[in-house]
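# A structural walkthrough
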Amino acid sequence: MKSKSDIGLVGLAVMGENLILNMESKGFTVTAYNRSYSKVEKFIEGRAKGKNIRGADSVKTLVESLATPRKVMLMVKAGQAVDDFIEQLIPFLDQGDIIIDGGNTHFPDSNRRTEYLESKGLLYIGTGVSGGEEGALKGPSIMLGGSKKAWPLVKDIFQSISAKVADENGNEVVPCCDWVGDAGAGHFVKMVHNGIEYGDMQLICEAYQLMKVVLGLNADEIQKVFAHWNTTELDSYLIDITKDIFAFKDEDGEPLVEKILDTAGQKGTGKWTGVTALDLGVPLTLIADSVFARCISAKKEQRVAASKVISGPEIHFDGDKAEFIENLRQAVLAAKIVSYAQGYMLMQEAAKEFNWELNYGGIALMWRGGCIIRSAFLGKIKEAYDADPKLENLLLTPYFKDTVESSQAGWRKVVGTAVTNGIAIPCLSSALTYFDGFRTARLPANLLQAQRDYFGAHTYERTDKPRGEFFHTNWTGRGGDTSSTTYDV
Ligand code: 2AM
């Protein structure tokens, strides 16, 4: 074992342990530390035995065991525990040492901590780590942000342990790990990743509901559809596991999925994404609807009660099932494109707001492997941003524009069939509504502005006058000519 460790890792829950084992397997020596020391002993005597991993029994011994500049990665519970550990570490660290938070941190905390630690002469990294327990062990997607000066010092470690995807010659050498941007940018991008994950999952669930309820397909038939979809542009980890879920039988030979209660849980990252979009004024409709879909699913008792009181249409389908399934595939693909276009818009708006220079093509590349939303499709996004790093909206690039245009007839039929049959498809339909709004030159917001001006004198701009000139009308003859620039209602 080297006399000094390359990195220290704090927090021996399963993600932390797996990251340590992954680092060690790539030739790095790691010091392991945990608040409760018993976990260190158990790890050193167990999974870490015989490996280049040393245990530390205090923060002091942890720091003393590290080569300089020291690198300490925290994999502890997000929130106060991270701040507490930072405070414990600071007295032992020297200028230029690096603290890395790899937990599920909300990005404003990483913005704050970067500034705080830089003010003390230290460097900070907030990084998203995606791919679950298996990813942590075998190759996660790693999205780093914080003090840019720290990047060259940790690049080798993180790119070595990350997932890899193929280069243009088919060799699995391109790391799904890159520098995203300053301060909380890494955790921001991880948050958007999770929001997109919510959307992708909900789209698949809506497709399942239509196949089951409208077409009357059974689990085996649905399994075959997803297996086929996975050979198309929808090729992705989530479609792949969905196919496996439909093949999985309970002890009595029945599909397990049909026995699972239909109430979805959530840990809050989808909600953060939606709230951030509202804060920044970005129409992130699909992800927001996927969060609300989980919320309505959680109201099981209310839904069961309502289902007994409120009636809907009878299910009726006399079309061609194979044709409908192909339309459905196109609908999922088109809606997914809308979702990613919206997610990228959110990142672009955040970049403006927080003064980040985000690496958009690199983000698509980081998501190509290792993480939950990994898919072939992300290669196309990378190509689009490589061709035009200042791209405003993915829907305007040739590949995505052509795909959505050629899918839209099928997409509209699917949404129409769902609406006629009374099947809730919040994401498939709201994505279509967004798409139609986005491609409409004149929306009815002229009337909205008139209403605002009527009741609140909020003023409006005119089509026959230059932008930036505001008008107020005395709509009723009562009131006055005073606009809300002087008073607000
Ligand atoms: P523990 O084993 O001592 O509980 C995941 O929960 C990891 O975060 C565990 O390693 C846990 O340490 C650590 N953790 C949770 N809350 C913490 C806190 N307030 N301070 C330090 N570590 C904490």
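Scroll up to find the structure.
In this report, the structure presented in the accompanying data block is examined. (Residues numbered from 1 in each chain as written. Predicted model: local features only at pLDDT ≥ 70, side-chain atom pairs only at ≥ 80, totals over all residues. Heavy atoms only, no water.)

## What about the site of the ligand?
By nearness alone, every residue bordering the ligand is listed as Gly11, Leu12, Ala13, Asn34, Arg35, Ser36, Lys39, Val76, Lys77, Ala81 and Phe85. Between asparagine 34 and the ligand, the recorded distance is 2.6 Å, taken from a side-chain N or O atom to an oxygen atom. One of the side-chain nitrogen or oxygen atoms of arginine 35 is found 2.8 Å away from an oxygen atom of the ligand. Here the ligand loses 77% of its free accessible area of 480 Å² to cover by the protein chains. Taking a 2 Å distance to the grid points as the criterion, the majority of the atoms of the ligand fall inside the second largest pocket. (Near = heavy atom within 4 Å. Polar contact = N/O pair within 3.5 Å; in protein donor to acceptor, adjacent residues only side chain to side chain. Areas by Shrake-Rupley, 256 points an atom, 1.4 Å probe, with all protein chains shown as cover. 1 Å grid on protein atoms, 1.4 Å probe; cavity = no way out; pocket = protein on both sides within 12 Å on 5 of 7 lines; lining within 4 Å. Sits in = over half its atoms within 2 Å of the grid points.)

## Points about the pattern of salt bridges
Between side chains of opposite charge, a pair can form when the charged atoms approach closely. Enumeration over the complete set of coordinates arrives at 30 salt bridges. A salt bridge links lysine 2 to aspartate 6, with the nearest nitrogen and oxygen atoms 2.6 Å apart. For lysine 2, a relative accessible area of 37% puts it in the partly exposed group. The class of aspartate 6 is buried, set by a relative accessible area of 18%. Between aspartate 250 and lysine 259 there is a salt bridge, and its shortest N-O distance comes to 2.9 Å. For lysine 259, a relative accessible area of 41% corresponds to the partly exposed category. When salt bridges that share partners are traced, they join Asp83, Asp101, Asp109, Arg112 and Arg113 into one network. (Salt bridge = Lys/Arg side-chain N within 4 Å of Asp/Glu carboxyl O. Buried < 20%, exposed > 50% of the residue type's maximum accessible area, 1.4 Å probe, protein only.)

## Let's talk about helix 14 (residues 321-354)
Here helix 14 spans 49 Å end to end across 34 residues, near enough to the 50 Å set by a 1.5 Å rise per residue. Judged by how many residues are buried, helix 14 sits mostly within the fold: 26 of 34 residues are covered. The backbone nitrogen of alanine 322 has a side-chain oxygen 3.0 Å away, supplied by the residue at the start of helix 14, namely aspartate 320. After helix 14 finishes, the residue asparagine 355 shows a positive phi value of roughly 60°. (Helix = DSSP H or I, 4+ residues; strand = E, 2+ residues; numbered from the N terminus. Expected span 1.5 Å × (residues − 1).)

## So, the side chain of glutamate 206
By secondary structure assignment, the location of glutamate 206 is in helix 8 (residues 185-214). For the buried glutamate 206, no salt bridge exists, and the shortest N-O distance to an oppositely charged side chain is 11 Å, to arginine 294. (Lys, Arg positive; Asp, Glu negative; His and termini not counted.)

## Structural notes on the layout of surface pockets
The gaps left among the atoms become clear once a water-sized probe is rolled over them. Approximately 1,700 Å³ is the volume found for the largest pocket. Cys205, Tyr208, Gln209, Asp262 and Ser297 are, among the 42 residues lining the largest pocket, the residues nearest its centre. Among the elements that make up the lining of the largest pocket, the one with the highest residue count is helix 8 (ten residues). Considering only residue class, the lining of the largest pocket consists of 24 nonpolar, eleven polar and seven charged. Lining the second largest pocket are 39 residues, with Met15, Ala78, Gly103, Asn104 and Lys267 sitting closest to its centre. For the lining of the second largest pocket, the secondary-structure elements that each account for two or more residues are helix 1 (14-25), helix 4 (80-89), strand 6 (123-130), helix 8 and helix 11 (269-280). For the lining of the second largest pocket, the element with the highest residue contribution is helix 8, accounting for six residues. The residue inventory of the lining of the second largest pocket, partitioned by class, reads 14 nonpolar, 17 polar and eight charged. (Points joined across faces, edges and corners; volume = space filled by probe spheres on them. Nonpolar A, V, L, I, M, F, W, Y, C, P; charged D, E, K, R; others polar.)

## Some remarks on unusual backbone geometry
Between threonine 68 and the following residue, proline 69, the backbone shows a cis peptide bond with an omega angle of -10°. In this structure, proline 69 sits in the loop between helix 3 (59-64) and strand 4 (71-74). Backbone geometry at asparagine 355 places phi at a positive 60°, although glycine is not the residue there. Here asparagine 355 shows up in the loop between helix 14 and helix 15 (360-368). A relative accessible area of 67% places asparagine 355 in the exposed class.

## So, empty space enclosed by the protein
With the rule as written, the count across this model stands at two cavities of 30 Å³ or more. For the largest cavity, the calculated volume is near 70 Å³. Looking at the largest cavity, the residues that line it are Asp200, Leu203, Ile204, Leu234, Ser236, Leu238, Ile239, Val332, Lys336, Ile372 and Ile373. Every element with two or more residues in the lining of the largest cavity is listed here: helix 8, helix 10 (237-247) and helix 14. Counting residues per element, the lining of the largest cavity draws most heavily on helix 8, at three residues. For the lining of the largest cavity, the per-class residue count stands at eight nonpolar, one polar and two charged.

## As for the sheet that holds strand 10 (residues 177-182)
A sheet is described by the order of its strands in space; here eight strands give the open sequence 3-2-1-4-5-6-7-10, paired in mixed fashion. Each edge of the sheet is formed by a strand with only one pairing partner; in this case those strands are strand 3 (53-55) and strand 10. Strand-to-strand twist in this sheet, taken as the mean axis angle between neighbours without regard to direction, amounts to 25°. Examined bridge by bridge, strand 5 (residues 98-101) and strand 6 share four bridges and lie parallel to one another. By the bridge assignment, aspartate 101 is partnered in strand 6 with glycine 126. Strands in contact with helix 15 are strand 7 (141-146) and strand 10; relative to strand 7, the strand with the most contacts, it is inclined by about 145°. (Pairing = 2+ DSSP bridges. Axes fitted to C-alpha atoms, helices over the stretch in contact; angles between N-to-C directions. Contact = heavy atoms within 4.5 Å.)

## Digging into the packing of aromatic side chains
All chains considered together, the criterion is met by 23 aromatic pairs. Ring centres of tyrosine 344 and tyrosine 360 lie 6.2 Å apart, and the angle between their planes is 50°; this geometry places the pair in the tilted category. Placement of tyrosine 344 in helix 14 and of tyrosine 360 in helix 15 is noted, with a sequence separation of 16 residues between them. Each member of the pair, tyrosine 344 as well as tyrosine 360, is classed as buried. Taking the ring centre of tyrosine 399 as reference, the NZ or CZ of lysine 380 above it sits at 4.7 Å. (Phe/Tyr/Trp six-rings, centres within 6.5 Å; stacked < 30°, edge-to-face > 60°. Lys NZ or Arg CZ within 6 Å of the ring centre and 35° of its normal.)

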